[in-house]
Amino acid sequence: MFLKHRHRLALLWLLALALALAGPALAAVKSTTHYTLDYGRWGGVAEALAPYLEAAFTTPQALLGYGNQGHGKIEVIFYSEPDGGTLGYMYPGENALYLNLHGGQSIAAHQPRYYGSTVAHETTHILYYHKPGLAERHDLYSEAMLSDIWVS
């Protein structure tokens, strides 16, 4: 009986050692001046997109006269839904946007600009909702919010 428990203890110790030596898993995240990219398995897309992100933020910032003060970096979450009809989306009041990578893991030459344009578009929505605090003051489906949709 003692040998049986000793064997289990040895296996548990080896498992614990293996986990400790493996260390924490590296997150699939890239940080830029204004964004945190949660890119998952699309590291190549994140690298190719990064040079477009300064303009994707500063263009709507200049248009709206607001730089997302107090909200920190905008999180960009990559996903792929090739048959999906949307390029990206955001939820009013959140500091995140979702970028649909129609092309999957490959990246064509035109896609960084294409994705950068989508990030800029969604960033405009985020900054617009944060600046006047619309999402904090009104329910998403209230008359006030719905009447304001055309502006955003």
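Further up the page is the structure itself.
Residues numbered from 1 in each chain as written. Predicted model: local features only at pLDDT ≥ 70, side-chain atom pairs only at ≥ 80, totals over all residues. Heavy atoms only, no water.

J.: How should I be thinking about the overall build of the protein in this particular structure?
T.: Along the backbone of the protein there are six helices and five strands. Relative to its 152 residues, the protein shows a buried fraction of 35%. If you sum the accessible surface of the protein, you get close to 9300 Å²; carbon and sulfur atoms cover 62% of it. (Helix = DSSP H or I, 4+ residues; strand = E, 2+ residues; numbered from the N terminus. Buried < 20%, exposed > 50% of the residue type's maximum accessible area, 1.4 Å probe, protein only. Areas by Shrake-Rupley, 256 points an atom, 1.4 Å probe, with all protein chains shown as cover.)

J.: Would you explain the nonpolar core in this entry?
T.: Inside soluble globular proteins, nonpolar side chains tend to come together where they are buried. By size, the foremost hydrophobic cluster in this structure holds 26 residues, and its most contacted members are Tyr35, Phe78, Leu97, Leu99 and Val119. Elements with a minimum of two residues in this core: β2 (35-38), α2 (43-49), α3 (53-64), β3 (74-79), β5 (96-100) and α4 (111-130). Ranked by residue count, the leading element in this core is α4, at seven residues. Look past the residues within four positions of phenylalanine 78 in its chain and what remains in contact with it is Leu37, Asp38, Tyr39, Trp42, Val45, Ala46, Leu49, Leu99 and Leu101. (Core = buried A, V, L, I, M, F, W, Y, C linked by side-chain atoms within 4.5 Å. Contact = heavy atoms within 4.5 Å.)

J.: How do you make sense of the sheet that holds β3 when you look at a structure like this?
T.: What holds strands together in a sheet is hydrogen bonding between their backbones, with the strands either parallel or antiparallel. As summarised here, the arrangement of the five strands in space is β1-β2-β3-β5-β4, forming an open sheet in which the pairing is mixed. If you trace the sheet from one side to the other, it starts and ends with β1 (29-31) and β4 (88-90), each paired once. Put simply, the sheet's adjacent strands are angled 20° from each other on average, direction ignored. Packing of α4 onto the sheet brings it into contact with β2, β3, β4 and β5, and relative to β5 it is tilted by some 155°. (Pairing = 2+ DSSP bridges. Axes fitted to C-alpha atoms, helices over the stretch in contact; angles between N-to-C directions.)

J.: Would you mind going over the side chain of asparagine 68 with me for this structure?
T.: Mapped onto the elements of the fold, asparagine 68 is located in the loop between α3 and β3. Reaching out from asparagine 68, the side chain makes a polar contact with the backbone oxygen of glycine 72 at a distance of 3.0 Å. Apart from residues lying up to four places away in sequence, asparagine 68 is in contact with Phe57, Ile74, Asn95, Ile126, Leu127 and His130. (Polar contact = N/O pair within 3.5 Å; in protein donor to acceptor, adjacent residues only side chain to side chain.)

J.: Before we go on, may I ask you to explain α3 in this structure?
T.: For an α-helix, 3.6 residues make a turn, and residues three or four places apart therefore share a direction. Under the 1.5 Å per step criterion, the end-to-end length of α3 is 17 Å for twelve residues, consistent within 8% with the ideal 16 Å. Listing the buried residues of α3 in full gives Leu53, Ala56, Phe57, Pro60 and Leu64. Buried residues of α3, viewed axially, fall in a sector of 90°; they line one side. In α3, the exposed positions angled more than 90 degrees off the buried face are occupied by Thr59 and Ala62. Buried residues along α3 sit against β2, α2, β3 and α4. Looking one or two residues beyond α3, the residue adopting positive phi is glycine 65, at roughly 65°. (Expected span 1.5 Å × (residues − 1). Arc of directions from axis to C-beta.)

J.: When you look at the packing of α3 against α4 in this model, what are you seeing that I'm missing?
T.: Angle between the axes and distance between the axes: these two values describe a pair of packed helices. Their axes nearest at 8 Å, the elements α3 and α4 cross at an angle of 35°. Handedness of the crossing formed by α3 with α4: right-handed. Two secondary-structure elements touch here, α3 through Leu53, Ala56, Phe57, Pro60, Gln61 and Leu64 and α4 through Gly116, Val119, Ala120, Thr123, Thr124, Leu127 and Tyr128. (Left-handed = near helix turned anticlockwise from the far one by under 90°.)

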